[in-house]
Amino acid sequence: MALTMLNGLLIEDSSPSTLLHQVGKNPQLDAFNYQSCFMQDLFAHFPEVLFIHRTYNPRGKVLYTFLVDGPRVQLEGPLARVVYFAIPTNEDAKGLAQMFQVFKKFNPAWERVCTILVDPHFLLLPTLSMEFPTAEVLLSAFHICKFLQGKFYQLSLEQPVQSVLLSSLQSTMCSATAGNLRKLYTLLSNCIPSARLPELHSHWLLNDRIWLAHRWRSRAQSNRYFQSLEVTAHILSQFFGTTPLEKQGMASVFRYMQQNSSDKASFSLAVTPEGSPTPPDASLESPSTEQMVEARIQHSLNAICTGPAAQLCLGELAVVQKSMHLIGSGSEKVNIQILEDTHNVQPQSPASCSCYFNQAFHLPCRHILAMLSARHQVLQPEMLQAQWTSGCATSLDSILGSKWSATLDKHLAVTLLTEEVAGTQGKRKIHIV
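Conventions we followed
Residues numbered from 1 in each chain as written. Predicted model: local features only at pLDDT ≥ 70, side-chain atom pairs only at ≥ 80, totals over all residues. Heavy atoms only, no water. Helix = DSSP H or I, 4+ residues; strand = E, 2+ residues; numbered from the N terminus. Buried < 20%, exposed > 50% of the residue type's maximum accessible area, 1.4 Å probe, protein only. Contact = heavy atoms within 4.5 Å. Areas by Shrake-Rupley, 256 points an atom, 1.4 Å probe, with all protein chains shown as cover. Core = buried A, V, L, I, M, F, W, Y, C linked by side-chain atoms within 4.5 Å. Phe/Tyr/Trp six-rings, centres within 6.5 Å; stacked < 30°, edge-to-face > 60°. Lys NZ or Arg CZ within 6 Å of the ring centre and 35° of its normal. Axes fitted to C-alpha atoms, helices over the stretch in contact; angles between N-to-C directions. Parallel < 35°, antiparallel > 145°, perpendicular 65-115°, else oblique. Nonpolar A, V, L, I, M, F, W, Y, C, P; charged D, E, K, R; others polar. Expected span 1.5 Å × (residues − 1). Salt bridge = Lys/Arg side-chain N within 4 Å of Asp/Glu carboxyl O. Pairing = 2+ DSSP bridges. Right-handed = clockwise from strand over helix to strand, strands pointing away. pLDDT = per-residue confidence, 0-100.

Per an unreviewed UniProt entry, the chain carries the name SWIM-type domain-containing protein and comes from Neotoma lepida.

1. Looking at the overall build of the chain
Across its full length, the chain holds 15 helices and 15 strands. Counting across all 433 residues of the chain, residues that qualify as buried make up 50%. Considering only contacts in the chain between residues 6 or more positions apart, those separated by 24 or more positions represent 65%. Of the accessible surface of the chain, which amounts to about 19700 Å², a share of 54% is contributed by carbon and sulfur atoms.

2. A few points about unusual backbone geometry
At Leu79, a position not held by glycine, the phi torsion is positive, near 65°. Structurally, the position occupied by Leu79 is in the loop between β6 (62-69) and β7 (82-87). With a relative accessible area of 8%, Leu79 lands in the buried category. Here the phi dihedral of His201 falls at roughly 50°; this positive angle occurs in a residue that is not glycine. Position of His201 relative to the elements: it lies in the loop between α6 (178-191) and α7 (208-212).

3. Things to note about the nonpolar core
The biggest cluster of nonpolar side chains holds 106 residues, and the ones touching the most others in it are Phe66, Phe85, Ile116, Leu188, Trp211 and Leu363. The greatest single-element share of this core, amounting to 8 residues, is contributed by helix α4 (residues 141-154). Once residues lying within four places of it in the same chain are set aside, the contact partners of Phe66 are Leu50, Phe51, Ile52, Arg81, Val82, Val83, Tyr84, Met99, Phe100 and Phe103.

4. Observations regarding the packing of aromatic side chains
Throughout the structure, instances matching the rule amount to 16 aromatic pairs. Relative to Phe103, the ring of Phe66 lies with its centre 5.1 Å away and its plane at 65°, an arrangement referred to as edge-to-face. Placement of Phe66 in strand β6 and of Phe103 in helix α2 (residues 93-105) is noted, with a sequence separation of 37 residues between them. For Phe66, a relative accessible area of 0% translates into the label buried. We classify Phe103 as buried; its relative accessible area is 0%. Ring pairing ties together the aromatic residues Phe43, Phe66, Tyr84, Phe100, Phe103, Trp110 and Phe132, which thus form one cluster. In this structure, Arg217 is placed above the aromatic ring of Tyr225, and the distance from its NZ or CZ to the ring centre is 3.5 Å.

5. Details of the packing of helix α8 (residues 219-239) against helix α9 (residues 246-259)
Put simply, α8 and α9 touch, their axes get as near as 8 Å, and they point 135° apart. As the angle between them shows, α8 and α9 are arranged oblique. In contact with Ile235, Leu236 and Phe239 of α8, α9 contributes Gly249, Ser252, Val253 and Tyr256. Here the residues of the contact of α8 with α9 are counted per class, giving 5 nonpolar, 2 polar and no charged.

6. Some points on the environment of Gly60
Residue position: Gly60 is located in the loop between β5 (49-56) and β6. As for Gly60 and Gly241, which are separated by 181 residues in sequence, their C-alpha atoms are 9.3 Å apart.

7. Brief notes about α8
With 21 residues, α8 should cover 30 Å at 1.5 Å per step; its first-to-last C-alpha distance of 31 Å lies within 8% of that length. Burial of α8 is extensive: 15 of the 21 residues sit out of reach of the surface.

8. Comments concerning the pattern of salt bridges
Enumeration over the complete set of coordinates arrives at 12 salt bridges. Between Asp119 and Arg54 there is a salt bridge whose closest N-O contact spans 2.9 Å. Within this pair, whereas Asp119 is found in the loop between β8 (115-118) and α3 (125-131), its partner Arg54 is found in strand β5, the two being separated by 65 residues in sequence. The same class applies to Asp119 as to Arg54, namely buried. When salt bridges with common partners are traced through the structure, they connect Arg54, Glu91 and Asp119 into a single cluster.

9. A closer look at the pairing of β8
Moving residue by residue along a regular strand, the side chains alternate between the two faces of the sheet. Residues of β8 alternate between two faces, with Thr115 and Leu117 on one and Ile116 and Val118 on the opposite face, all of them buried. Note that β5 and β8 share 3 bridges and pair parallel. Paired with Phe51 across the strands is Leu117, a residue of β8. Since β8 and strand β9 (residues 136-139) lie parallel, the crossover through α3 that links them has a hand, and here it is right-handed.

10. Examining the confidence of the model for the chain
On average, residues of the chain score 75 in pLDDT, and 69% of them reach the 70 mark or higher. Across residues 393-404 the pLDDT falls below 50, and counting only partners more than four positions away or on other chains, this stretch makes 51 contacts in the model. A low-confidence stretch, residues 423-433 (pLDDT under 50), is modelled with 43 contacts involving residues beyond four sequence positions or located in other chains.

11. Some thoughts on the environment of Leu312
With respect to the element layout, Leu312 can be found in helix α11 (residues 307-320). Separated by 78 residues in the primary sequence, Leu312 and His234 have C-alpha atoms spaced 7.9 Å apart. Dropping the residues within four chain positions of it, Leu312 is found in contact with Val231, His234, Phe357, Phe361 and Leu363.

The following block contains the structure:
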């Protein structure tokens, strides 16, 4: 059995693992490469299409997450398709070449990679092509969708125009035929000011090679595909993208994987920080009223929400569970403050909040969940928008309609990081006025 310690996180694998990392004495990682035997086997079975997602932390270090993709891959759930994690020493030609060479050394199936999907900001394409000479490098439909979505909001278009563009984008992503792509291209040409149109790189919509890698999916498959990637990107951003300490960020990612591991996974991750007390769920003490309320909220989230919605909300609930205090009460509106970050909560169904998370995903955020916890209440079906309710076929509207932008993403990262720092100094306070 292989055991490796990373920042107090014990990584356990029942069979010999592939774990390579260069660790200094400080909390930063010079370089990091990780692949469990389960991930290695998964890649060996589905090497044809490789999806690469990048996540930056506040120090500018970048986590490369490799996922398998393509028609043969039927795995669902956040991080279920991940086959490799890597943090290059530097994000330059030399650093990426070293990272890819390590990946290839421990994955002989790399020679069977036919397509590699990347984001529009991936600039070191020559390095990627040199390391995978037989693979075709394409922009991914998911990253193009998020890129265009962000541009629509950054352009500050009139609301009717913005709605039409988002609706057309949704329709096109669900059915990426040549005709739908041409219609979206024409719509952009007519709706976007000519001086700003080059920023959208609308010619991508006419590159048939890009969309052939996505077009095989049905509407329902596209919904699930985009949902899964959206949740995966959010998890990586939440855990790695909000801390300047790479070891801590990766430990949080592994901890999440341990807590949400699939029954089919052939590995496990055990969290055993040195000198840390026994985790609360292993304690013999009777649960407090607050713990019981939070357990009921967690149960209601799992019972009412779709899988992707529950995953996102449980991440928000984890913040609430870090000993928050509720002070005061109100009637129609509730003011929630976590440190210096204040937001307005509308308790009336469907519940809403002024924070980024709720505005982006239209799901119960940490502030709404904190309010429920304070009132000893649980999530009710009428508090959730219909498309996120369990049993409903969730559309892309909640994803494509999210107000994503680089600025908002950075704001969220700063907010979460500030809360994490303050959490080490004392208990957070939530003020209900």
